[in-house]
Structures are given as C-alpha cells and as structure tokens.
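# Fold and geometry: a report
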Amino acid sequence: MSLYLANVMAEAEELLEEVESWTEEEVEELPKLYREKAREYRGLLQQGEE
C-alpha cells in the first residue's frame, strides 16, 4: 500500500471515529445532507460491529 493511500485510510478512520462520537443532538444540528450522511455512516459502523 502506498504512503498516500495509507494516509487517506488513516484520515478516513479518524473522521469515522469523530462522527461516531457525536451525540444525536450534535447530529441533529448539522445541515440536512451532513445529518443524513452522519446517520448513514453510523449505521454502517454498527453493522460492522455485529
């Protein structure tokens, strides 16, 4: 794996961890598109844990 790809993957993991840490109230305050995507990502994370 190239260094660039490793950096991109690390950044994506950090962002997903951040989204996962948000409370529902914080998600609700986001603009509609971001709110929908945050919920989508959180759902994917929950599926991955099963």
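Residues numbered from 1 in each chain as written. Predicted model: local features only at pLDDT ≥ 70, side-chain atom pairs only at ≥ 80, totals over all residues. Heavy atoms only, no water.

### Quick look at the pattern of salt bridges
- This model, assessed by the stated rule, comprises five salt bridges.
- As a salt-bridge pair, Glu 28 and Arg 39 come within 2.7 Å of each other at their nearest N and O atoms. Highlighted residues: Glu 28 in helix H2 (residues 24-28) and Arg 39 in helix H3 (residues 32-49), separated in sequence by 11 residues.
- Residue class for Glu 28 comes out partly exposed when judged on its relative accessible area of 45%.
- Take Arg 39: its relative accessible area is 36%, and that puts it in the partly exposed class.
- Between Lys 32 and Glu 36 there is a salt bridge, with the nearest N and O atoms lying 4.0 Å from each other. Here Lys 32 pairs with Glu 36, and both are found in helix H3, just four residues apart, close to one helical turn.
- Assessed through its relative accessible area of 42%, Glu 36 is described here as partly exposed.
- Each member of the salt-bridge network shares a partner with another, and the members are Glu 24, Glu 28, Arg 39 and Arg 42. (Salt bridge = Lys/Arg side-chain N within 4 Å of Asp/Glu carboxyl O. Helix = DSSP H or I, 4+ residues; strand = E, 2+ residues; numbered from the N terminus. Buried < 20%, exposed > 50% of the residue type's maximum accessible area, 1.4 Å probe, protein only.)

### Topic: the side chain of Arg 42
- Assignment of secondary structure puts Arg 42 in helix H3.
- Its relative accessible area of 18% is what places Arg 42 among the buried residues.
- Looking at Arg 42, its side chain comes within polar contact range of the main-chain oxygen of Trp 22, at 2.4 Å.
- Apart from the residues lying within four places of it in its own chain, the contact partners of Arg 42 are Val 19, Glu 20, Trp 22, Thr 23, Glu 24 and Val 27. (Polar contact = N/O pair within 3.5 Å; in protein donor to acceptor, adjacent residues only side chain to side chain. Contact = heavy atoms within 4.5 Å.)

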